[in-house]
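Observations on the three-dimensional arrangement
This is what each chain is made of:
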Amino acid sequence: MATFPSGAGNISQLNAVILGDALASEEFDLIFPSHEFSSQALVSSPQKYLEMYKRSVEDPAGFWSDIACEFYWKEKWGHKVFDENLDVRKGPIKIQWFKGGVTNICYNCLDRNIESGNGDKVAIYWEGNEPGVDGVLTYNQLLQKVCQLANYLKDNGVEKGNAVLIYLPMLMELPIAMLACARIGAVHSVVFAGFSAESVAQRIIDCRPKIVITCNAVTRGSKIINLKDIVNAALDEASHNGITVDACLTFENESAMTRKDTKWQVGRDVWWQDVVPKYPQVCDVVWVDAEDPLFLLYTSGSTGKPKGVLHTTGGYMIYSATTFKYAFDYKQSDIYWCTADCGWITGHSYVTYGPLLNGATVVVYEGAPNYPDPGRSWAIVDKYKVTLFYTAPTLVRSLMRDGDEHVTRYSRKSLRVLGSVGEPINPSAWRWYFNVVGDSRCPISDTWWQTETGGFMITPLPGAWPQKPGSATLPFFGVQPVIVDEKGIEIEGECSGYLCIKGSWPGAFRTLYGDHDRYETTYFKPFPGYYFSGDGCSRDKDGYHWLTGRVDDVINVSGHRIGTAEVESALVSHPQCAEAAVVGVEHEVKGQGIYAFVTLIDGVPYSEELRKSLILAVRKQIGAFAAPDKIHWAPGLPKTRSGKIMRRILRKIASKQLDELGDTSTLADPCVVDQLIALADC
Ligand code: 6R9
């Protein structure tokens, strides 16, 4: 007999559902972990989870400080483990964990693991884009490389609190650069190396880094991408706005491009290989307060300007480490591979920090998971004997389309736990992942979380309870999810609504860089008293959570968050575009596709060329991953009399649900709807 939390976080409901009397919802398949898996799992039963969960929400200070004591603190935190105000009605929003504690996350990732005897353990297996090109670093070697770079940064004037912008592909140098910044208390801001020059410039202007770290080029699949040209253009743009950097440290990625082909600005640009290896392989740690900033990561919101999500050191350290350990049921012998890029939060928490804090061996892969063929992921799994594999539903769906034979010709016997992140995983993709990739043997951790949350919030603990394909299941320790209605009233039991979180957790972001007002307005004002996630969610009779996607103007394309406003502003920057409205539309592989309605300036005819140049404008301003899938010519947009675009109608037109257009009588000009329908296939 075991009990499940049905109103998660609501202790009074914890005993509501009794397992053994069977989980209430028979309409879903229940997938139980095998006895062999559960018996060796860190959390081996619902009872054990419940016990830990209860303590985590009833005594968060005790629960998290016990865990924090397993890490190295130069000085222990003050008398309060945490201090929070999540209610705008009571004053400014404030979240602090372990304030007064002095530590360093790089020290905890590397030195601490080395001191406990793991210096010769492999920290990173690096696999290049081309099969056969690879590299390896032990914990000792990784520390040496991190120290050399940290010394270079220090020597070039980077001090505690300064920002360093990193624009690198998945080379080993990317986690090295993150750790080097952390070692000296510098604040890294990694920008995904698929963003355009204009996006990089925008971020440089916002966070004013002292140094930019990049490389000359990268090979992605069979294409070479000149990253240095992008950075050069971004630095030019930033300097027109009065922001200059002291140096642009450039790693020479010889396999992609030679030095002589790289455009260079003497005085500003420096080759990594020329300077970094000359520095000593030891570097003193700069000790920081738990609440000192660790990194900034820009993410999309409802307006055009990306938000600089700020995470601090101590709470994030404890949270990324603990979530990694439990959601993947981590064992010291595991080999872990997360396919995410460090340019996104998943790469921060679950390529670099979470795994290394646990002393894990991590596979870092430079290339595309289906290059040179759709079997590449499983070739890598077999090559490194990967036990924990973490990816996004979009990859699962695309590999599923390519056919089982690309999977089954590889052994995959090493696999133990599979993970999913970035968007809801549809039950059919879940089943394929479970049955074909995992041979019906490996539990799936479908982890729901966000850039803002720092780590997993709702996730299976793979040995503890049965899974339901498509559900992220139950809250992680210390997380109190609540579902509220439009008025912000908490709904109990089985329900659907807006997903909010009650109370803080150590990994929560502390502010939006330079804009605490926007932080409060976006996340804490919509439903006072709670953190609002921006996601819709339903909860079933068993207390399992089913995420239903964003309820704001954010689209999720292949697990990448893209603001509709950002795409619109890129489109209207095109000289022939008068107005644009962007909506998300269901996409078989990408989850959501980008669908753009475009009104041209008077007299400009529609043409294929113009369509292409509009798409190019988005690629240029944001990056290729944000390119619209469809441009729908729009003589006019459906607007209310007060001029507000009715996106609800546009969404229906985009998804061809024409019988569900609803009331169009409030439109200023109802005729535009017919015009749009007539132009749907043009
Ligand atoms: C980690 C990450 C966050 C948004 C989030 C939600 C969606 C992420 C999900 C999921 C359903 C999951 N999302 N994981 N939806 N099930 N397991 O992706 O961060 O880039 O900030 O995106 O992604 O909509 O609000 P981020």
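Given the structure is predicted, the values throughout are model-derived calculations rather than measurements.

What surrounds the ligand is a group of 17 residues, the closest being Asp446, Thr447, Thr451, Asp535 and Arg561. Within the side chain of Asp446, an N or O atom sits 2.7 Å from a nitrogen atom of the ligand. Interatomic distance of 2.5 Å between a side-chain N/O atom of Thr451 and an oxygen atom of the ligand. When the ligand is considered free in solution it has 520 Å² of accessible area, and contact with the protein chains removes 97% of it. Those elements that place two or more of their residues in the shell around the ligand are helix 12 (345-357) and strand 28 (545-550). Here the shell around the ligand is composed, by residue class, of 6 nonpolar, 6 polar and 5 charged.

Helix 14 (residues 393-402) sits mainly inside the fold: 7 of its 10 residues count as buried. Here helix 14 has its buried residues at Pro393, Thr394, Leu395, Val396, Arg397, Ser398 and Leu399. Each element contacted by the buried residues of helix 14 is listed here: helix 13 (376-384), strand 20 (388-391), strand 21 (417-420), helix 16 (427-437) and strand 32 (591-600). Following helix 14 by one or two positions, Gly403 has its phi on the positive side, about 110 degrees.

Okay, the side chain of His560 next. Mapped onto the fold, His560 is located in strand 30 (residues 560-563). Among the polar contacts made by the side chain of His560, one reaches the side chain of Trp344 at a distance of 3.4 Å. For His560, the contacting residues outside a window of four places in its chain are Trp344, Ile555 and Phe625.

A few words on unusual backbone geometry. Going from Tyr371 to Pro372, the amide bond is cis rather than trans, its omega being 0 degrees. Relative to the helices and strands, Pro372 is located in the loop between strand 19 (361-365) and helix 13. The residue Arg412 is not glycine, and still its phi comes out positive at about 60 degrees. Its place among the elements puts Arg412 in the loop between helix 15 (405-408) and strand 21. A positive phi angle, near 50 degrees, is found at Ser558, a position not held by glycine.

The next point concerns helix 3 (residues 60-68). Along helix 3, the residues that are buried comprise Gly62, Phe63, Trp64, Ser65, Ile67 and Ala68. Buried-residue contacts for helix 3 involve helix 2 (46-58), strand 4 (94-97) and helix 11 (314-327).

Mapped onto this numbering, the UniProt entry annotates "domain: AMP-binding enzyme C-terminal" (unreviewed entry) at residues 566-644. Secondary structure within residues 566-644 divides into 27% helix and 32% strand; the distance between the first and last C-alpha atoms comes to 17 Å.

Moving on to the packing of helix 5 (residues 111-118) against helix 6 (residues 139-155). Look at helix 5 against helix 6: their axes get within 10 Å of each other, and the N-to-C directions meet at 150 degrees. Taken as axis vectors, helix 5 and helix 6 run roughly antiparallel relative to one another. For the pair helix 5 and helix 6, the crossing hand works out as left-handed. Two secondary-structure elements touch here, helix 5 through Asp111, Asn113, Ile114 and Asn118 and helix 6 through Tyr139, Asn140 and Leu143. Broken down by class, the residue content of the contact of helix 5 with helix 6 amounts to 3 nonpolar, 3 polar and 1 charged.

One pass over the structure, following the stated rule, counts 58 aromatic pairs. Their ring planes at 85 degrees and their centres at 6.2 Å tell us that Phe192 and Phe195 sit as a pair that is edge-to-face. Classification of Phe192 by relative accessible area gives buried; the value is 12%. Consider the rings of Phe509 and Tyr531, whose centres lie 6.0 Å apart with planes at 80 degrees: the pair is edge-to-face. Here the residue Phe509 occupies a position in the loop between strand 25 (495-502) and strand 26 (511-512), and Tyr531 occupies one in strand 27 (residues 531-539), the gap between them amounting to 22 residues. Lying across the ring of Phe195, Arg203 places its NZ or CZ 4.3 Å from the centre. Over the face of the ring belonging to Tyr544 we find Lys468, whose NZ or CZ atom lies 4.3 Å from the ring centre.

Now for the UniProt feature "domain: AMP-dependent synthetase/ligase" (unreviewed entry) in the protein. The UniProt record marks residues 117-504 with the feature "domain: AMP-dependent synthetase/ligase" (unreviewed entry), using the residue numbering of this structure. As a span, residues 117-504 carries 31% helix and 23% strand, and end to end its C-alpha atoms are 35 Å apart.

Before going further, it helps to spend a moment on the pairing of strand 28. The side chains of a regular strand alternate between the sheet's two faces. Bridge count for strand 27 against strand 28 is 5 bridges, and the pairing is antiparallel. By the bridge assignment, Arg539 is partnered in strand 28 with His545. Between strand 27 and strand 28, which pair antiparallel in sequence order, lie 5 residues; one of them, Gly543, sits at a positive phi of approximately 85 degrees.

Rules of the game
Residues numbered from 1 in each chain as written. Predicted model: local features only at pLDDT ≥ 70, side-chain atom pairs only at ≥ 80, totals over all residues. Heavy atoms only, no water. Near = heavy atom within 4 Å. Polar contact = N/O pair within 3.5 Å; in protein donor to acceptor, adjacent residues only side chain to side chain. Areas by Shrake-Rupley, 256 points an atom, 1.4 Å probe, with all protein chains shown as cover. Helix = DSSP H or I, 4+ residues; strand = E, 2+ residues; numbered from the N terminus. Nonpolar A, V, L, I, M, F, W, Y, C, P; charged D, E, K, R; others polar. Buried < 20%, exposed > 50% of the residue type's maximum accessible area, 1.4 Å probe, protein only. Contact = heavy atoms within 4.5 Å. UniProt positions renumbered as here; feature names shortened; annotations may be inferred. Axes fitted to C-alpha atoms, helices over the stretch in contact; angles between N-to-C directions. Parallel < 35°, antiparallel > 145°, perpendicular 65-115°, else oblique. Left-handed = near helix turned anticlockwise from the far one by under 90°. Phe/Tyr/Trp six-rings, centres within 6.5 Å; stacked < 30°, edge-to-face > 60°. Lys NZ or Arg CZ within 6 Å of the ring centre and 35° of its normal. Pairing = 2+ DSSP bridges.

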